[in-house]
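As a plain string of letters, each chain reads:
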Amino acid sequence: MKIKWEWLIIAFLVVILLAGGLFFINKDKKKKEAEKQEQSKPEVVKLETEQDKILKKYEKLELAYNSTINDIEGVVSDDNINLDILKENLTQILISIREEKEKINESVSDSTKRATAERTKQLDELLEMSKEVLAERIVEINESNKKLTIDNRKLYYNLKKSVDHFEKEKSKNLQLNEKVGQIKLKIKTLEAEGSSSNREIKLLQKEKVEIERKLVESDKTIKLQNEQIQDLGEIIRKVNVDCYYYYERGNSIEEAKIYLTSQGISEKYVKYFIRKKPDIYIEFKIASDLFGSEIEKVELKLYNTLNVEIYSIVKIVSSEQLKIIIPNKNFAPGKYSISLKAGDEDLILDERYWLKIAK
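Residues numbered from 1 in each chain as written. Predicted model: local features only at pLDDT ≥ 70, side-chain atom pairs only at ≥ 80, totals over all residues. Heavy atoms only, no water.

**Q** Break down the overall build of the protein chain for me, with residues and values.
**A** Of the regular secondary structure elements, the protein chain holds seven helices and nine strands. Taken over 359 residues, the protein chain has a buried fraction of 38%. Residue pairs at least 24 apart in sequence account for 71% of intrachain contacts in the protein chain once pairs closer than 6 positions are excluded. Summed over all atoms, the accessible surface of the protein chain reaches about 22,700 Å², with 53% contributed by carbon and sulfur. (Helix = DSSP H or I, 4+ residues; strand = E, 2+ residues; numbered from the N terminus. Buried < 20%, exposed > 50% of the residue type's maximum accessible area, 1.4 Å probe, protein only. Contact = heavy atoms within 4.5 Å. Areas by Shrake-Rupley, 256 points an atom, 1.4 Å probe, with all protein chains shown as cover.)

**Q** How would you explain the nonpolar core if you had to name every residue and give the values?
**A** Counting 37 residues, the largest nonpolar core has Tyr245, Ile265, Ile282, Phe284, Ile286 and Val298 as the members making the most contacts within it. Counting eleven residues, the second-largest nonpolar core is a separate cluster that includes Ile222, Tyr259, Tyr281 and Leu349. (Core = buried A, V, L, I, M, F, W, Y, C linked by side-chain atoms within 4.5 Å.)

**Q** For the sheet that holds strand E1 (residues 242-247), give the residues involved together with the corresponding values.
**A** Read across the sheet, four strands follow the order E2-E1-E3-E6 without closing on themselves; strand pairing throughout is antiparallel. Of all strands in the sheet, those with a lone pairing partner are strand E2 (256-259) and strand E6 (321-326), marking the two edges. Ignoring which end each strand starts from, the neighbouring axes of this sheet average 30° apart. Sitting on the sheet, helix H7 (residues 267-276) touches E1, E2 and strand E3 (280-285), and the angle it makes with E1 is about 80°. (Pairing = 2+ DSSP bridges. Axes fitted to C-alpha atoms, helices over the stretch in contact; angles between N-to-C directions.)

**Q** Can you break down the side chain of Ser337 residue by residue, with the values?
**A** Tracing the chain through its elements places Ser337 in strand E7 (residues 334-342). Taking relative accessible area as the criterion, Ser337 reaches 1% and is therefore assigned buried. Among the polar contacts listed, one links the side chain of Ser337 to the side chain of Arg352, at a separation of 3.0 Å. Apart from the residues lying within four places of it in its own chain, the contact partners of Ser337 are Lys301, Leu302, Tyr303, Arg352, Tyr353 and Trp354. (Polar contact = N/O pair within 3.5 Å; in protein donor to acceptor, adjacent residues only side chain to side chain.)

**Q** Outline the packing of aromatic side chains, listing residues and values.
**A** Two aromatic rings are characterised by how far apart their centres lie and by the angle between their planes. Within this structure, the stated rule accounts for ten aromatic pairs. For the ring pair Tyr244 and Tyr259, a centre distance of 6.3 Å and an interplane angle of 70° mean the geometry is edge-to-face. With Tyr244 in strand E1 and Tyr259 in strand E2, this residue pair connects regions lying 15 residues apart in the sequence. Each ring, one from Phe273 and one from Phe331, has its centre 6.4 Å from the other, and the planes form 25°; the classification is stacked. Remark: Phe331 occurs in the loop between E6 and E7 and Phe273 occurs in helix H7; sequence separation between them is 58 residues. Accessibility expressed as a relative area gives 11% for Phe331, which makes it buried. (Phe/Tyr/Trp six-rings, centres within 6.5 Å; stacked < 30°, edge-to-face > 60°.)

**Q** How would you sum up the environment of Asn177? Please name residues and give values.
**A** For Asn177, the location among the structural elements is in helix H5 (residues 153-193). Sequence separation between Asn177 and Glu255 is 78 residues, and the spatial gap between their C-alpha atoms is 9.8 Å. Setting aside chain neighbours within four positions, we find Asn177 in contact with Leu215, Ala256, Lys257, Ile258 and Tyr269.

Now the structure itself:
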């Protein structure tokens, strides 16, 4: 009887052990399945918004500009290279980058996104050109025992690219002015036809407002590009010429600044130029450290298609910003060029500025 009780106790213990083992095996299995399910769940990816992308671009630009300014501070100053001017320009741009970041943090409209994309591209290009200047300066310092002429070929190339973008933007500006003029003319025609055209007039007015908005953006871009080119031009002691005439000057509704570039102008503006003979305006900026002791006067010459000089004027330099007006007596359609010299030195980047008064 004693043996039976012992067997019963042993059997009872075995059952408990088996039940416990099964419990822990089952628990472990459930835990593994839960882990497997958790791993198989799709990972939640936070989508990067357009605003995030724009902010990242500006943060990268801010770091790059800061780094370049620090590099400049590590180089001794040299009046001939104008590193102080370069540093000042980059510092001003850095301030504007921070201001843009603040605006982006507040809100980002579609028009702001488009303008920002173009602005970051311009800032990238400007930074690359600035780094070229700095790199050349550092090379000169490392070779201080040798008399070296600084090789500005890369800087000239990059600056030339900026000037090309500038000229293209002016051509785009001309096209926008043309579109606005066409819509205005169409609205006048429809208004004369009477009330049956009201719906079409409203659609045209809406289109006109949109193109005028683009025209305002283009004007701002041209102003910004011109300032950047002028700032960089100071470093290599060259000027960027801006050339234009006024269409319907004095008419508050029709007046427009028509830029004269090598790309030409539309037939409408050619006819106006020939018929009304508006004056041609030439604007440029001379670096402050050049005029005075070095440059007291500049000579501007205008040449026709046959490279014959048809107009010249000598201007006394009394400030950085200069404006010269060429009176329009009888300019025929064709291609013209402008030279600007201080003594024997050509001040324009490519020696001449080309303009086309034709389609």
